[in-house]
Amino acid sequence: MKIATWNVNSLRVRLDHVIDWLKREHADVLALQETKTRDENFPIGAFSDLGYNVSFSGQPTYNGVALISRQNITDVRTEIDGLEDPQRRVLAATIDGVRIYNLYVPNGQSVDSEKFQYKLSWLDALKTQIALDLAQHPNAILLGDFNIAPEDRDVHDPAAWKGKVLCSEPERKALRELLDLGLIDVFRGFEQDAKSYSWWDYRAAAFRRNRGLRIDLILATEALKDRCSTCRIDVEPRRLQRPSDHTPVIAEFSV
DNA sequence: ATGGTGGCGCGGCCA
């Protein structure tokens, strides 16, 4: 299974990029975040023409997640238990016997904001849900835009970002607690270039200067980690005209 | 430079 995650920051604007990317990479599963697309407007045909199934949970203007898959998508869930949340950030499904969680973790805006408290409570509810689910699904993958840089090596300028949202200790702790359930950030299981990032701010020529963060992650259970043969960031889509501010992260599993 | 750019949708929010 070749599986990838990509925050596209509007599927309508980025559809050509996504279709071209699928034609080139032939991924089995692509998890999209920030589709910003109502369900009734989802471009099903663009994907079915390539032989892909789709599942989506969208809303107008903000958020929105989708799964694009060669194999059937079953047992779809879009809610976290105990979390009343109109924001469409979760799409869990089973594909090829693997339980897959496509996640768009709240950004949090700034550590002193209400949105940051929402981010932490959202992560806490997610942890509770995943703890329960992993007992039933030894083969599971969590992937998406986590809006958390796990460690300082995932940050272009750790001193400047210290304590700031996306890098602060409370959210890093929340991520570690999620990993402690038995998940591995598979990107770090392989040799990687220093300064490997998945997101660059649109402003201040951040991409050209490689001033980025690695906040798009693929987490796998122990059983699947041993079946992971590669994980890499594909920076090419970020070079295109009118790109998303994120670029795809890809992992391959023998399942 | 407390800015900068981009998407949505047409003013202001969100990232």
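Residues numbered from 1 in each chain as written. Chains lettered and ligands numbered in written order. Predicted model: local features only at pLDDT ≥ 70, side-chain atom pairs only at ≥ 80, totals over all residues. Heavy atoms only, no water.

What to know about the protein's contact with DNA strand B
Taken together, 15 residues form the shell around DNA strand B, and within it Ser 10, Arg 12, Arg 14, Thr 61 and Arg 203 come nearest. Close to the protein, within 4 Å, the atoms of DNA strand B belong to sugar or phosphate groups at a rate of 70%. Within the side chain of Ser 10, an N or O atom sits 2.4 Å from a phosphate oxygen of DNA strand B. The element contributing the most residues to the surface near DNA strand B is helix H1 (residues 11–25), with three residues. Here the residues of the surface near DNA strand B sort into four nonpolar, four polar and seven charged. (Near = heavy atom within 4 Å. Polar contact = N/O pair within 3.5 Å; in protein donor to acceptor, adjacent residues only side chain to side chain. Helix = DSSP H or I, 4+ residues; strand = E, 2+ residues; numbered from the N terminus. Nonpolar A, V, L, I, M, F, W, Y, C, P; charged D, E, K, R; others polar.)

Description of helix H5 (residues 169–179)
Count 3.6 residues to each turn of an α-helix, and residues three or four apart come out pointing the same way. Every buried residue belonging to H5 is among Glu 171, Arg 172, Ala 174, Leu 175 and Leu 178, and all of these are buried. Viewed end-on, H5 has its buried residues packed into an arc of 155 degrees, placing them on one side of the element. Of the surrounding secondary structure, the elements contacted by the buried residues of H5 are helix H3 (114–134), strand E8 (140–145), strand E9 (183–185) and strand E12 (216–221). (Buried < 20%, exposed > 50% of the residue type's maximum accessible area, 1.4 Å probe, protein only. Arc of directions from axis to C-beta. Contact = heavy atoms within 4.5 Å.)

Focus: the sheet that holds E12
In spatial order, the strands read E5-E6-E7-E8-E12-E9; together these six strands make up an open sheet with mixed pairing. Strands with a single pairing partner mark the edges of an open sheet, and in this sheet they are strand E5 (74–77) and E9. Across the sheet, the axes of successive neighbouring strands diverge by a mean angle of 20 degrees, strand direction being ignored. Here six bridges tie strand E7 (residues 98–104) to E8, and the two strands are oriented parallel to one another. Looking across to E8, one finds that Leu 103 is bridged to Gly 144. Contacts from H3 reach E5, strand E6 (90–95), E7, E8, E9 and E12, with the element oriented near 180 degrees to E7. (Pairing = 2+ DSSP bridges. Axes fitted to C-alpha atoms, helices over the stretch in contact; angles between N-to-C directions.)

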